[in-house]
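Structural overview
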Amino acid sequence: MVFPIKYSSNTKCNLYLYFVHRKQHNLQVACSMFTFTSPHLCRQWITAINCRVSRHPAVSLRPKRLCVIINPVSGKCNARQTYETYAAPLFTLVGMVAQEHVTEYKGHAREIAANLDPNEFDGIVGVGGDGIINEIIHGLLIGEGDAANRKLPIGIVPAGSTDALICTLVGTPCVETAVLQILLGKRVGMDVAALSVDGVTVGYSATQCGYGYFGDILKESERHRWMGPSRYALAGVKVFSQPKLYKVDLQFTKAAHLPAVSESNTPNSRPKCFYNCQICAKSAEYDLSTTKDNVSGQFLSVQLVSKR
């Protein structure tokens, strides 16, 4: 993308060309400067380059209006600083309009997401850890807002304790990389598990839902949130030193309608799950009543993990 001319004198002007390049696993912004003796020639170059860039199919996926939700107490309580340092300048640079919200209490992000007008935004961005993304997902899927909200892409600016979700989706916790993925309109599908009680959906899980050991770690870690990321290590040691076994009766259904994994058909080569996914649609036709497997016993932990 080319940005406005900056004149260095009455007879010369500079053109600044910003572009994204990859350095190992991360993305970075770079800038090249071109000096013209003629302002008119400089404007011609800007027009020609922007016209060429605008014709690329990927440009239509780039968001122009975002709802940004910041959790100020996430991780080391530096989410606002992270946003203002890495995300806000780049949003301004590309002319993106960002409506910012700072959460004030638990569940606030969920309320904001549930009441969004999907016609006003191209996406919603959470600045914080996995918790704020979980709240946004709940607001979009289980809230009382417009059903069209469910189609809104969710962006992540990592500023949490572990940032496991962004590492899974992007492959790195690098903040600049995450922001650039949002600006470029990059999208990837992700499975979200629905949790139901007596047929009524009570929640969703975007990463994992743990019963037993990992659930106890999360419960214990909440008592030491003031410690930041290191609270998980302390909670892990305390829970591991007093292990418990839980009696579990587990029923599960093998997804026989999915194609088998082979050398030519690996999990990563399968179709990605998006809104109105065809594979998910087929699951509704699957007879769950006669294909359940049962496992019972004493377990240290039971994990429900969502797969990208």
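Throughout this description, residue numbers start from 1 for each chain and increase along the sequence as written. Reporting in this predicted model follows two pLDDT cut-offs: at least 70 for local features of residues, and 80 or more for side-chain atom pairs to be given and counted; totals over whole chains, interfaces and linings ignore these cut-offs and use all residues. Side-chain numbers here rest on the full set of heavy atoms in the structure, without hydrogens or water.

Put simply, DSSP H or I for four residues or longer makes a helix, DSSP E for two residues or longer makes a strand, and each gets a number counted from the N terminus. Within the protein, the regular secondary structure consists of 9 helices and 13 strands. Expressed as a percentage of the 308 residues in the protein, the buried residues total 33%. Every residue pair with non-hydrogen atoms within 4.5 Å of one another is taken to be in contact. Restricting to contacts in the protein with at least 6 residues of sequence separation, those with at least 24 account for 67%. Summing over all exposed atoms, the protein offers an accessible surface of approximately 18800 Å²; the carbon and sulfur share of this is 55%. Buried, partly exposed and exposed residues are distinguished by accessible area as a fraction of the type maximum, computed with a 1.4 Å probe on protein chains only: under 20%, between the cut-offs, and over 50%, respectively. Note that accessible areas follow from Shrake-Rupley with a 1.4 Å probe, and for residues the cover is restricted to the protein chains shown.

A few words on the sheet that holds strand 4 (residues 65-70). Each strand in a sheet pairs with another by means of backbone hydrogen bonds, the pair being arranged parallel or else antiparallel. Note on pairing: two strands pair once DSSP finds at least 2 bridges between them. Taking strand neighbours across the sheet as the criterion, the 4 strands line up as 5-4-6-7 in an open arrangement whose pairing is parallel. In this open sheet, the two strands that pair with only one neighbour each are strand 5 (97-102) and strand 7 (154-158). Adjacent strand axes in the sheet meet at a mean angle of 20 degrees when their direction is disregarded. The pairing of strand 4 with strand 5 spans 6 bridges and is classified as parallel. Looking at strand 5, one finds that Ile 69 is bridged to His 101. The sheet strands contacting helix 2 (residues 79-93) are strand 4, strand 5, strand 6 (123-128) and strand 7, and the helix crosses strand 4 at an angle near 165 degrees. In the packing of helix 6 (residues 175-183) onto the sheet, contacts are made with strand 4, strand 6 and strand 7, and the angle to strand 7 comes to roughly 160 degrees. Axes here mean lines fitted to C-alpha atoms, for a helix over just the part in contact, with angles spanning 0 to 180 degrees between N-to-C directions.

With that settled, consider the pattern of salt bridges. Opposite charge on two side chains lets them pair, provided their charged atoms get close. We define a salt bridge as a contact between a side-chain nitrogen of Lys or Arg and a carboxyl oxygen of Asp or Glu at a distance within 4 Å. Taken as a whole and assessed by the stated rule, the structure comprises 6 salt bridges. For Glu 100, the salt bridge is made with Arg 80, and the minimal N-O distance between the two is 3.6 Å. Of this pair, Glu 100 sits in strand 5 while Arg 80 is found in helix 2, placing the two residues 20 residues apart along the sequence. Of the charged contacts in the structure, one is a salt bridge between Asp 249 and Lys 247, with a shortest N-O distance of 3.6 Å.

Contact geometry of helix 2 with helix 6 gives a least axis separation of 10 Å together with a crossing angle of 30 degrees. Taken as axis vectors, helix 2 and helix 6 run roughly parallel relative to one another. Helix-helix and strand crossings are classified by hand; for helix 2 and helix 6 the assignment is right-handed. Residues Thr 82, Tyr 86, Ala 87, Leu 90 and Phe 91 of helix 2 form the contact with helix 6, whose participating residues are Val 175, Val 179, Leu 180 and Leu 183. In this classification, Asp, Glu, Lys and Arg are treated as charged, Ala, Val, Leu, Ile, Met, Phe, Trp, Tyr, Cys and Pro as nonpolar, and every other residue, Gly included, as polar. Residue composition of the contact of helix 2 with helix 6, by class: 8 nonpolar, 1 polar and no charged. Any angle that falls under 35 degrees is termed roughly parallel, while one over 145 is termed roughly antiparallel, one within 65 to 115 roughly perpendicular, and all others oblique. Take the far helix as the reference: if the near one is turned anticlockwise from it by less than a right angle, the crossing is left-handed, and if turned clockwise, right-handed.

Take the buried Ala, Val, Leu, Ile, Met, Phe, Trp, Tyr and Cys residues and link them wherever side-chain atoms come within 4.5 Å; each set so joined is a nonpolar core. One finds Cys 67, Ile 69, Ile 124, Ile 133 and Ile 136 to be the most contacted residues of the largest nonpolar core, which totals 21 residues. Every element with two or more residues in this core is listed here: strand 4, helix 3 (108-114), helix 4 (130-142) and helix 5 (164-170).

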